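Overview (structure and organization)
So you can see what is in the structure, the chains are spelled out below.
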Amino acid sequence: TNFVMDVMKKPLSMGADQLVLIEDEMLGSLDGYATAYVLVEAIKKLGEFDLVLCGRQASDWDNAQVPMGVAEMLDLPCVTVAQKIEIVDSGLVIQRVIDDGYQLVESPLPALVTLSNELGEPRYPTLRGIMTASRKAPLIWTATDLNLDLSKLVPKLEILDLSIPVVEKQCEFVEGEDDED
């Protein structure tokens, strides 16, 4: 639909060179392993790379295993939850978000890094970028275009149950003689 294409063209309007859409009915419901496999094959088809950037986690199941699977399959170092990335002569210097601040990590290139929302706001699309994006068509690849091994699309994960945890709280007031008590 046009709405979906408008949403997908946003990265182009923000400066991305190319948009690749992997679209195939047989790729409709993939587990994390199969998703990582498909992304790896697309990355390989695109050619040489220095850096793979991924989101922190999915917005649907809140999982974060796909980027690690991609890194493992491509034999790349993986640094998660980056709030800042600097490219230096020896590779990357990354600030990883941790509970009480950040951790400074170095990584050689090529590498895969997952990004945290602390990294900042994305570049704002310019009018020129929007106009350029409207003239660009995405590359649309199917499972056949990627030459996928269909046996690797068989789910390796079976969800047996999914529920919201029940939290029970009990509160008891203990009276004291004064504030210190």
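Preceding this paragraph is the structure being described.
Residues numbered from 1 in each chain as written. Predicted model: local features only at pLDDT ≥ 70, side-chain atom pairs only at ≥ 80, totals over all residues. Heavy atoms only, no water.

Attention now goes to a nonpolar patch on the surface. The grouping of Leu157, Ile159 and Leu162 at the surface amounts to a nonpolar patch, some 320 Å² of accessible area in total. With respect to the helices and strands, leucine 157 occurs in the segment after strand E7 (139-141). Assessed through its relative accessible area of 53%, leucine 157 is described here as exposed. (Patch = residues over 30% accessible without salt bridge, like charges linked within 9 Å, V, L, I, M, F, W, Y side chains within 5 Å. Areas by Shrake-Rupley, 256 points an atom, 1.4 Å probe, with all protein chains shown as cover. Salt bridge = Lys/Arg side-chain N within 4 Å of Asp/Glu carboxyl O. Helix = DSSP H or I, 4+ residues; strand = E, 2+ residues; numbered from the N terminus. Buried < 20%, exposed > 50% of the residue type's maximum accessible area, 1.4 Å probe, protein only.)

Before going further, it helps to spend a moment on the packing of helix H2 (residues 32-46) against helix H3 (residues 65-74). Closest axis-to-axis distance for the H2/H3 pair is 8 Å, and the angle between their directions is 50°. Viewed along their axes, H2 and H3 adopt a mutual orientation that is oblique. Read as a crossing pair, H2 and H3 show a hand that is right-handed. Residues Gly32, Tyr33, Thr35, Ala36, Tyr37, Leu39, Val40, Ile43 and Lys44 of H2 lie in contact with H3, whose contacting residues are Gln65, Val66, Gly69, Val70, Met73 and Leu74. Its residues assigned to classes, the contact of H2 with H3 shows ten nonpolar, four polar and one charged. (Axes fitted to C-alpha atoms, helices over the stretch in contact; angles between N-to-C directions. Parallel < 35°, antiparallel > 145°, perpendicular 65-115°, else oblique. Left-handed = near helix turned anticlockwise from the far one by under 90°. Contact = heavy atoms within 4.5 Å. Nonpolar A, V, L, I, M, F, W, Y, C, P; charged D, E, K, R; others polar.)

Let us now look at the pairing of strand E3 (residues 78-88). With three bridges connecting them, E3 and strand E6 (residues 111-115) associate as parallel partners. Bridge pairing links valine 79 to valine 113 in E6. When E3 meets strand E4 (residues 91-98), the two strands line up antiparallel, connected through six bridges. Along E4, the bridge assignment pairs lysine 84 with glutamine 95. Between E3 and the antiparallel strand that follows it, E4, lie two residues. (Pairing = 2+ DSSP bridges.)

One can find serine 107 in strand E5 (residues 101-107). Every residue in contact with serine 107, bar those within four places of it in the chain, is listed here: Pro77, Val79, Ser90, Gly91, Leu92 and Ile94.

Attention now moves to unusual backbone geometry. Residue proline 110 follows leucine 109 across a cis peptide bond; omega there is -5°. Positive phi values are uncommon outside glycine, yet aspartate 75 reaches one of about 55°. Taking relative accessible area as the criterion, aspartate 75 reaches 69% and is therefore assigned exposed.

This next bit is on the sheet that holds E5. Note: strands within a sheet are paired through backbone hydrogen bonds, in either parallel or antiparallel orientation. The strand order E2-E6-E3-E4-E5 describes an open sheet built from five strands, whose pairing is mixed. Only two strands of the sheet have a single neighbouring strand rather than two, namely strand E2 (51-55) and E5. The average angle at which neighbouring strand axes cross in this sheet is 40°, direction not considered. Relative to E5, E4 runs antiparallel, the two being bridged by seven bridges. Each bridged residue has a counterpart across the sheet, and for valine 97 the counterpart in E5 is tyrosine 102. Across the sheet, H3 lies against E2, E3 and E6, angled at about 175° from E6, the strand it touches most.

Take the pattern of salt bridges next. A full pass over the atoms with the stated rule returns two salt bridges. Between glutamate 41 and lysine 44 there is a salt bridge, with its nearest N and O atoms 3.6 Å apart. Separated by three residues within a single helix, glutamate 41 and lysine 44 lie in helix H2, roughly one turn from each other. Two residues, glutamate 86 and lysine 84, come together in a salt bridge whose shortest N-O distance is 3.8 Å. Owing to a relative accessible area of 38%, lysine 84 belongs among the partly exposed residues under this scheme.

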